[in-house]
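Single-letter residue listing:
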Amino acid sequence: MKSPRFGLWTLAFFFSAVTCDSMSLASERPNFVFVIADDCTYRDIGCYGGQAHTPNIDRLTSEGMRFTQCFQAAPMCSPTRHNIYTGLYPVKSGAYPNHTYAKPGTKSVVHHLKPLGYRIALSGKRHIAPAEVFPFENLPAKANNPNFALIDRFMAECKRSDTPFCLFACSNEPHSPWNKGDASRYDADEIELPPYFVDTPETRQNMVNYLAEITYYDDQVGQCLSLLDKHELADDTLVIVVSEQGSSFPFAKWTCYDTGLQSAFIARWPGKIKSGTICDALIEYVDLLPTYIDLAGGTVPNVLDGKSLRPVLLGESNTHKEYVFGEMTTRGIINGSEHFGIRSVRSKQFKYIWNFTPETTFRNACTKSSVFQSWREKATTDADAADKVRRYEHRPGEELYDITKDPFEWTNLADDPAYAKVKTELRRQLTDWMQANGDKGQQTELEAEHHQTKALRAKRKKVNPARAKNKG
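Residue indices begin from 1 for each chain and proceed along its sequence in written order. Predicted model: local features are reported for residues with pLDDT of at least 70 only, side-chain atom pairs are reported and counted for 80 or more only, and whole-chain, interface and lining totals are derived from all residues. Water and hydrogen atoms play no part in the side-chain values, which are based on all heavy atoms of the structure.

Asks: An account of unusual backbone geometry is needed here, citing residue identities and associated values.
Replies: Of note, the bond from A129 into P130 is cis; its omega dihedral lies within 30 degrees of zero at -5°. The residue P130 is located in the loop between strand 3 (119-124) and strand 4 (137-138) in this model. A cis amide bond links E173 with the next residue in sequence, P174, at an omega value of 5°. Helix and strand definitions follow DSSP, with helices as H or I runs of at least four residues and strands as E runs of at least two, each counted in order from the N terminus. When you line up the elements, P174 lands in the loop between strand 5 (165-170) and helix 7 (201-230). Of note, the phi angle at H127 is positive, near 60°, even though the residue is not glycine. Note on placement: H127 falls in the loop between strand 3 and strand 4. The class for H127 is partly exposed, based on a relative accessible area of 23%. Of note, the phi angle at N335 is positive, near 60°, even though the residue is not glycine. You can see N335 is positioned in the loop between strand 10 (324-328) and strand 11 (342-346). Each residue is assigned to one of three classes by its accessible area relative to the maximum for its type, calculated with a 1.4 Å probe on protein chains only: buried under 20%, partly exposed between the two thresholds, exposed over 50%.

Asks: Pulling in residues and values, what's your account of the environment of T203?
Replies: Structurally, the position occupied by T203 is in helix 7. Taking the relative accessible area as the measure of exposure, T203 reaches 0% and is therefore buried. Considering only alpha carbons, one finds T203 and L193, 10 residues apart in sequence, at a separation of 8.6 Å. Polar contacts involving the side chain of T203 include one to the side chain of W375, which spans 3.0 Å. We call two N or O atoms a polar contact when they sit within 3.5 Å, provided that within protein one can donate a hydrogen and the other can accept it, with sequence-adjacent residues counted only if both atoms are side-chain atoms.

Asks: Quick rundown of the nonpolar core? Include the residues and the values.
Replies: Only buried Ala, Val, Leu, Ile, Met, Phe, Trp, Tyr and Cys residues count toward a nonpolar core, and they belong to the same one when joined by side-chain atoms within 4.5 Å. The biggest cluster of nonpolar side chains holds 74 residues, and the ones touching the most others in it are M155, F165 and L167. If one sorts the elements of this core by residue count, helix 7 sits on top with 12 residues. Here F165 is in contact with N31, F32, V33, Y118, R119, F154, M155, C158, L228 and L233, once residues within four sequence places are set aside. Listed in part, the 44 residues of the second largest apolar core include I84, I128, Y285 and I293. A contact between two residues is defined here by any heavy atoms of the two lying within 4.5 Å.

Asks: Lay out the packing of aromatic side chains with the relevant residues and their values.
Replies: The description of two aromatic rings rests on the distance between their centres and on the angle between their planes. By convention, a stacked pair of Phe, Tyr or Trp rings (six-membered ring in the case of Trp) has centres within 6.5 Å and planes under 30 degrees apart, an edge-to-face pair has planes over 60 apart, and any other such pair is tilted. Applying the stated criterion across every chain, the model contains 31 aromatic pairs. Between Y257 and Y401, the ring centres sit 6.3 Å apart and the planes meet at 70°, which makes this aromatic pair edge-to-face. Taken as a pair, Y257 in the loop between strand 6 (237-242) and helix 8 (258-261) and Y401 in strand 13 (residues 398-402) lie far apart in primary sequence, 144 residues in all. Here Y257 falls in the buried class, since its relative accessible area comes to 7%. Relative accessible area serves as the criterion here: at 3%, Y401 is assigned to the buried category. Over a ring means this: the NZ of a Lys or the CZ of an Arg is within 6 Å of the ring centre and within 35 degrees of the ring normal. The side chain of R66 reaches across the aromatic face of Y48, ending 4.8 Å from its centre. Over the ring of F362 we find R395, and its NZ or CZ is 4.2 Å from the ring centre.

As structure tokens, this is what we get:
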């Protein structure tokens with residue numbers, strides 16, 4: 001018969017081991033720093049093969065993991081940021097048009113991480129509502145950009161109190177107008193334009209100014225990294241840097257092409273993420289919140305649409321999702337078409353796009369820009385320019401592209417019988433996703449204005465009272 005003393009000693013040892021293990025797990029909880037650009041085409045960043053001078057982002061890539069297939073669910077600022085902070089797809093949260101707000105009662109990253117002992121702060125561009133859904137610790141922006149003096153103080157406080165933190169440093173660059181940074185670094189005559197651009201002097205000069213603002217954003221990334229070093233927090237912090245949706249040049253922002261939806265995504269976590277790695281897994285912005293909750297030691301709620309990137313970040317898996325999805329509505333945007341709803345689904349090889357109203361001319365702020373006007377002017381005498389202007393403003397009902405052979409999505413295979421099965425399967429995946437999110441297609445598009453902020457609706461009513469009256 002075992003002695004009672006032996007049993008008590010064993011029990012004490014067991015609980016001591018559990019307690020120590022729990023303390024060890026708690027001490028390993030990382031800080032989170034998330035740095036996001038504003039309207040930056042991922043292809044234009046240096047480490048993604050772009051022409052922009054981005055030494056800080058490039059260095060971060062050498063110290064961490066660069067994702068080659070990260071996507072967001074909407075190619076516009078406001079629904080994208082709601083998507084990140086809530087872990088929900090745009091239509092499900094209600095935040096799917098631009099200048100939007102989440103449904104009352106929606107929980108955000110603050111509600112999920114604060115009970116786990118984190119301080120959660122945001123500095124820079126917000127573009128989210130309502131306040132009760134996003135009760136961030138506010139570090140007031142400086143000209144709609146991160147306030148690094150306040151971020152410095154925030155990090156110092158967290159370091160001093162040994163409190164884990166989650167910081168969102170939200171840039172307003174390179175959002176137009178492109179008037180920051182040193183444009184003299186770039187030569188308008190020497191830069192290369194994407195093949196889907198029309199080559200005009202106006203396009204080249206704007207491209208130079210835009211590239212200069214990407215370098216300006218890169219400096220902001222560098223300031224964040226320097227502050228982590230200053231407070232000796234780098235080794236305990238998961239840093240993620242992203243580019244958001246594509247630029248406001250044609251065929252990017254406001255579209256569901258890869259140039260609109262695909263994003264740079266670079267992650268560094270010393271000692272956890274292997275340096276200099278490249279990951280081709282399909283991931284989405286909606287995966288960020290589940291990742292943070294998981295790494296912070298919490299339980300990821302089933303209501304969230306994403307899934308934790310932990311296995312991918314730690315090198316335990318090189319796959320994550322089979323499909324990624326996108327949605328776009330022009331309703332309520334500046335110079336937007338009355339309604340031009342777009343939905344998309346993408347696998348590693350194919351992209352399927354569904355345009356609800358192909359008979360409608362596609363319009364947005366871009367089609368009023370000086371760049372697009374220069375394209376129109378050249379189109380009067382140049383067949384290539386005319387084709388690109390037509391392609392941008394007039395879309396077929398369905399588009400299908402083999403991304404591996406046609407990365408700029410220029411050869412539409414939707415009517416090719418050889419790809420009928422591919423199209424049918426992707427269409428099924430897309431409609432299943434829409435149904436799961438409560439997306440009723442054109443009806444959801446027509447209801448988009450009811451999901452925008454009251455201030456914007458009031459402004460629109462003042463500008464066009466007859467239309468507002470007709471809409472009831």
